[in-house]
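Fold and contact review
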Protein chains: 2
Amino acid sequence: MAKDFSALDAFLDEQGFDGYLLDADSTASDQYYLSGFFANDPFVTLYTPEETALLVSGLEYSRAVAESRADVVRKHQDYEYAELVQEHGQEEAGARVRAAFLDEFGVESVATNRRFPLATADGLRGRDVDVTADTEDTVTDIRAVKTEDELDAIREAQRANQVAMARVDELITDATVEGGELHYEGGVLTSERVKREVDKTLLDEGCAAEETIVACGADAAVPHNSGSGPLRANETIVVDVFPKNKDTHYNGDMTRTFVKGDPSAEAREFYELTQQAFDAAMDALEPGATGAEVHGAVCDVYENAGYPTLRSDPDTDTGYIHSTGHGIGLDVHEAPSVSHRSDEPLQPGHVVTIEPGLYDPDVGGVRLEDLVVVADNDRGYENYTDYTMQMVRE
Amino acid sequence: MAKDFSALDAFLDEQGFDGYLLDADSTASDQYYLSGFFANDPFVTLYTPEETALLVSGLEYSRAVAESRADVVRKHQDYEYAELVQEHGQEEAGARVRAAFLDEFGVESVATNRRFPLATADGLRGRDVDVTADTEDTVTDIRAVKTEDELDAIREAQRANQVAMARVDELITDATVEGGELHYEGGVLTSERVKREVDKTLLDEGCAAEETIVACGADAAVPHNSGSGPLRANETIVVDVFPKNKDTHYNGDMTRTFVKGDPSAEAREFYELTQQAFDAAMDALEPGATGAEVHGAVCDVYENAGYPTLRSDPDTDTGYIHSTGHGIGLDVHEAPSVSHRSDEPLQPGHVVTIEPGLYDPDVGGVRLEDLVVVADNDRGYENYTDYTMQMVRE
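Remember, it's a predicted structure, so these values are computed and weren't measured experimentally. (Residues numbered from 1 in each chain as written. Chains lettered and ligands numbered in written order. Predicted model: local features only at pLDDT ≥ 70, side-chain atom pairs only at ≥ 80, totals over all residues. Heavy atoms only, no water.)

For the rest of this paragraph, the subject is the overall build of chain A. Helix and strand counts for chain A come out as 11 helices and 22 strands. Along the first, second and third principal axes, the C-alpha set of chain A runs to 75 × 45 × 35 Å. A burial count over chain A gives 56% of its 394 residues as buried. Across chain A, contacts joining residues at least 24 apart in sequence account for 62% of those joining residues at least 6 apart. Summing over all exposed atoms, chain A offers an accessible surface of approximately 16100 Å²; the carbon and sulfur share of this is 43%. Counting 31 positive and 80 negative side-chain charges, chain A places the averaged centre of each group 5 Å from the other. (Helix = DSSP H or I, 4+ residues; strand = E, 2+ residues; numbered from the N terminus. Buried < 20%, exposed > 50% of the residue type's maximum accessible area, 1.4 Å probe, protein only. Contact = heavy atoms within 4.5 Å. Areas by Shrake-Rupley, 256 points an atom, 1.4 Å probe, with all protein chains shown as cover. Lys, Arg positive; Asp, Glu negative; His and termini not counted. Charge placed at Lys NZ, Arg CZ, Asp CG, Glu CD.)

All names here are of chain A. Taken domain by domain, chain A holds domain 1 (6-143) and domain 2 (145-393). Look at where the C-alpha atoms of domain 1 and domain 2 centre, and you get two points 38 Å apart. The partner domain 2 presents 11 residues to the seven residues of domain 1 that form the contact. Of the roughly 750 Å² buried between domain 1 and domain 2, counting both surfaces, carbon and sulfur atoms make up 47%. Ranking the residues of domain 1 by area buried against domain 2 places Y32, Y33 and R143 at the top, with a combined share of 57%. Here domain 1 and domain 2 share two salt bridges between them. When the shortest N-O distance is used, the salt bridge between D331 and R143 registers 3.5 Å. Linking domain 1 to domain 2 there are six residue pairs in polar contact (both at pLDDT 80 or more). Mapped by element, the contributors of at least two residues to the side of domain 1 that touches domain 2 are α2 (29-35) and α7 (138-144). Its residues assigned to classes, the side of domain 1 that touches domain 2 comprises four nonpolar, one polar and two charged. (Domains from an automatic or database assignment. Buried area = accessible area lost by both parts, 1.4 Å probe. Salt bridge = Lys/Arg side-chain N within 4 Å of Asp/Glu carboxyl O. Polar contact = N/O pair within 3.5 Å; in protein donor to acceptor, adjacent residues only side chain to side chain. Nonpolar A, V, L, I, M, F, W, Y, C, P; charged D, E, K, R; others polar.)

Once chain B has been moved 0.1 Å along the axis and rotated by 180 degrees, it coincides with chain A to within an RMSD of 0.1 Å. Both copies of the chain, as the preceding transformation shows, are related through a two-fold rotation axis. Mapped onto chain A, 100% of the interface residues of chain B are again interface residues, and the two copies thus contact each other with one and the same surface. (Least-squares fit on C-alpha atoms with pLDDT ≥ 70 in both.)

Moving on: the UniProt feature "domain: Peptidase M24" (unreviewed entry) in chain A. In this structure's numbering, the residues bearing the UniProt feature "domain: Peptidase M24" (unreviewed entry) are residues 153-375 of chain A. Its end C-alpha atoms 17 Å apart, residues 153-375 of chain A is made of 31% helix and 25% strand. (UniProt positions renumbered as here; feature names shortened; annotations may be inferred.)

The next point concerns the packing of aromatic side chains. Any pair of aromatic rings gets described here by the distance separating the centres and the angle formed by the planes. Residue and element names in this part refer to chain A. Tallied over the full model, the rule gives 20 aromatic pairs over all chains. Seen in terms of ring centroids, F5 and Y33 are 5.9 Å apart; in terms of plane orientation they differ by 75 degrees. Their pairing is edge-to-face. Remark: Y33 occurs in helix α2 and F5 occurs in the segment before α1 (6-15); sequence separation between them is 28 residues. Grouping residues by exposure puts F5 and Y33 together as buried. Considering the side-chain rings of F270 and Y307, the 5.5 Å spacing of their centres and the 90 degrees angle between planes classify their relative orientation as edge-to-face. (Phe/Tyr/Trp six-rings, centres within 6.5 Å; stacked < 30°, edge-to-face > 60°.)

All names here are of chain A. Residue P336 follows A335 across a cis peptide bond; omega there is -5 degrees. The phi torsion at E80 lies on the positive side, around 60 degrees, for a residue other than glycine. By the secondary structure assignment, E80 is in the loop between β4 (72-75) and α4 (81-88).

To continue, consider the interface of chain B and chain A. Counting residues at the interface gives 32 residues for chain B, matched by 32 residues for chain A. Per-residue buried area on chain B facing chain A is highest for R115(B), L118(B) and L203(B); these three make up 23% of the total on that side. Note that D204(B) and K200(A) form a salt bridge whose closest N and O atoms lie 3.0 Å from each other. At the level of secondary structure, the elements contributing two or more residues to the side of chain B that touches chain A comprise β1 (19-24), α5 (90-104), α6 (118-125), β6 (130-133) and α9 (191-204) of chain B. Across the side of chain B that touches chain A, the residue classes tally to 13 nonpolar, six polar and 13 charged.

Residues and elements named next belong to chain B. Bridging between strand β7 (residues 176-178) and strand β8 (residues 181-184) involves three bridges; their strand directions are antiparallel. Note on β8: the bridge partner recorded for V177 is L182. Connecting the antiparallel pair β7 and β8 is a turn made up of two residues, with G179 showing a positive phi of about 60 degrees. Alignment of β8 against strand β9 (residues 187-188), held across two bridges, turns out to be antiparallel. Residue Y184 lies in a different strand from β9, and its bridge partner there is G187. A loop of two residues connects β8 with β9, the two strands running antiparallel in sequence, and E185 in this loop sits at a positive phi of about 45 degrees. (Pairing = 2+ DSSP bridges.)

Take the UniProt feature "domain: Creatinase N-terminal" (unreviewed entry) in chain A next. Residues annotated in UniProt with the feature "domain: Creatinase N-terminal" (unreviewed entry) correspond here to residues 7-95 of chain A. Regarding residues 7-95 of chain A, the helix share stands at 42% and the strand share at 22%, and the terminal C-alpha atoms are separated by 29 Å.

On to the sheet that holds β9(B), then. Read across the open sheet, the three strands follow the order β7-β8-β9 (chain B); overall the sheet is antiparallel. Strands at the two margins of the open sheet, each flanked by one partner only, are β7 and β9 of chain B.

Residue and element names in this part refer to chain B. In β6, alternate side chains face the same way, and those of V131 and A133 are buried while those of D130 and T132 on the opposite face are not. Pairing analysis gives four bridges linking strand β5 (residues 109-112) to β6, with the strands arranged parallel. What sits directly across from V110, in β6, is V131. A crossover connection joins β5 to the parallel β6 through α6; in handedness this β-α-β unit is right-handed. (Right-handed = clockwise from strand over helix to strand, strands pointing away.)

Bringing the nonpolar core into the picture now. If you look at the biggest cluster of nonpolar residues, it comprises 52 residues, and the most contacted ones within it are F101(A) and F101(B). Excluding its chain neighbours within four sequence positions, the residues that come into contact with F101(B) are V44(B), L46(B), A53(B), L54(B), L55(B), R74(B) and Y79(B). (Core = buried A, V, L, I, M, F, W, Y, C linked by side-chain atoms within 4.5 Å.)

Next up on the list: the packing of helix α5 (residues 90-104) of chain A against helix α6 (residues 118-125) of chain A. Residues and elements named next belong to chain A. Between α5 and α6, the shortest axis-to-axis distance is 9 Å and the interhelical angle comes to 65 degrees. As judged from the angle between their axes, α5 and α6 are roughly perpendicular. Once α5 is placed against α6, the crossing between them reads as right-handed. Residues E91, A95, R98, A99 and L102 of α5 pack against A119, T120, G123 and L124 of α6. For the contact of α5 with α6, the residue count by class is five nonpolar, two polar and two charged. (Axes fitted to C-alpha atoms, helices over the stretch in contact; angles between N-to-C directions. Parallel < 35°, antiparallel > 145°, perpendicular 65-115°, else oblique. Left-handed = near helix turned anticlockwise from the far one by under 90°.)

With that settled, consider the pattern of salt bridges. Residue and element names in this part refer to chain A. Counted under the stated rule, the structure contains 60 salt bridges over all chains. In this structure, R311 engages D300 in a salt bridge whose closest nitrogen and oxygen atoms are separated by 2.6 Å. Highlighted residues: R311 in the loop between α11 (291-304) and β15 (325-327) and D300 in helix α11, separated in sequence by 11 residues. D300 gets classed as partly exposed once you look at its relative accessible area, which sits at 36%. Where salt bridges share partners, they join D30, R143, K146, D331 and E334 into one cluster.

As a further point, take a negative patch on the surface. On the surface, a cluster of negative charge is contributed by D18(A), D103(A), E108(A) and D130(A). By the secondary structure assignment, D103(A) is in helix α5. (Patch = residues over 30% accessible without salt bridge, like charges linked within 9 Å, V, L, I, M, F, W, Y side chains within 5 Å.)

With that out of the way, let us pick up α5(B). Side chains three or four residues apart in an α-helix point the same way, a direct result of the helix having 3.6 residues per turn. Residues and elements named next belong to chain B. Compared with an ideal rise of 1.5 Å per residue, which puts 15 residues at 21 Å, α5 spans 21 Å between its outermost C-alpha atoms and is within 8% of the ideal. Within α5 the residues assigned to the buried category are A93, G94, A95, V97, R98, A99, F101 and L102. Where α5 is buried, its residues contact β1, β2 (43-47), β3 (52-56), β4 (72-75), α4 (81-88) and α6. Where α5 terminates, the next one or two residues include G106, which has phi positive at roughly 65 degrees. (Expected span 1.5 Å × (residues − 1).)

What follows is the structure in structure tokens.
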């Protein structure tokens, strides 16, 4: 399945725009997706139903021709950029070059993404180009449904993730307990040390992680706390790893929760309920279900067991205090969301995380997260994650 | 020395703006600098000569209060965001919240950076806020002059860089040559393998590198080619490492060129001339000199030896085909530039790279790069780089 821009064509047609314009580097995922070109410096992509054209610096030109999905690549100097800089300065020269580029393709009105640079927009508006921010995020929505190549890339990132999780599992399993703290190969096993092992393992698998969560005890009870200091026995350790493949730029995401030694009865109940909540979410997940329905299935499990959720108590800071999942692809967090506000039906090709969890500073935190693609099959999804859910490491 | 925003105050006063507004995540360096807060999701910073105020999500609120340099932190819900979303939808709710935030501080007109999001700007304009992109990049210019804390952070990143370069040096030095290719510990020593070793070494030093250049032979003759495949004896190997410290977010940058075995006479001349060019640049570097003058000193050396430069031949693709250096800090490339267009005088506290090089596909490439801070001392700078320049590894 190739990238399908028919929804973008329909948007341009309905709204009466000649084209869709981006000005960003490729860490902006809409830019990488629409251009098919990865560059660390900003460049311009013009999409029209007839063709995709790039405007890049001379330094990037030959690589853009070779690597991008564009039909046409132009460089600044094609519009006499250097001469314009001499005469008018860089700002004015840049604006004139971009206007000349649009003019070459007969484009007089464009939609842009929400984060399109204001200076570029005003420069074009000053040259009678109609520029309007697309507050519907049309390209972001198109990206939510993955192509086969994208699914392969996400599957590969998640495979690397499993190798990293196995390494963490090994460290915790092989650790000894001294004075209540985990020790490994003669030193205290800290959150920082485990994260460094995750980073090294991911490197060997062609991936890198901006951040990794290895949070123990009260740290684990705060979903955004990435953890620090010694890991302790008999306490929950939340391990959340989200690697990006360095070649493909696609992400994986997985969370497991471990206890070295003997968990409290409360922690055991947290874990069992979270497995039930996870299963309930997976049962609800299928094409046509909404994110809100999947999220609701998780809330039902926790609320029926007497725990607060943000649905039952918007102000709670214990219990189930986040949404059930998020889309993932070029961004770790992207459309579609699996939360109480998600009333759009899920579609085959949507890749989402399912990650229920329970949190209480007096008990710790438990979160379990797999990454799945919504699919037209008997189950309604295919799970890209193959890693056991088991709390206790002796 | 603390951050000095007097130039921003003067800009706002001269141009008649009430404040300076940013809407970005903290990978946008102006945002991290002005807010003193690192967040992966976009948030809003308002700077006025009286105070700095942040507008963040509820999730980030307590961390923003604890970590940012802001005098005031507001969260979306302070302006009844949830209720506004119910009534008007997310886009309109966001615009109303931002307008209410500005109104609280009596701000009716703002300058923004060039890459300020168009949707945010138009949302405010629709509520009678005057929004103008600052095409002078005032905050970026302020960032170019580093505080003592920033200098410490850059020095530390460069120290890590030296550890990584020493590891590369060791691999090349200890390698054997078999069939013209470098071998190490039983396997071919490839560009990819060396880069992975750089990544692992940097991780141990608390750093990460987006990319590393280890380019051999004809690859080394293309400055932007990051290199691939086996490293070969008797050919130039350009090694360019630019790590970012994961805690401070500041960067280092260094390039060395190695030859395992016996370089050609031409490669030896490339190296000697590049050392001379490097020395000439350092002689020219001092407070008050322009980047263009430093760059000119390099061009003089190469041109006097009969090699083309972009100054003598703007169309050449051999010889000296890039600028002499760039500012570095939160971004790997930032102000000030050390190139033929840099006519602003360099100031104490400017941190720049000095990186002359010669390139020819028939000879290979040679580049030598140190990172220095311009300083009010006898030399005119302090060199943060302590790594020998020596081409041949036996």
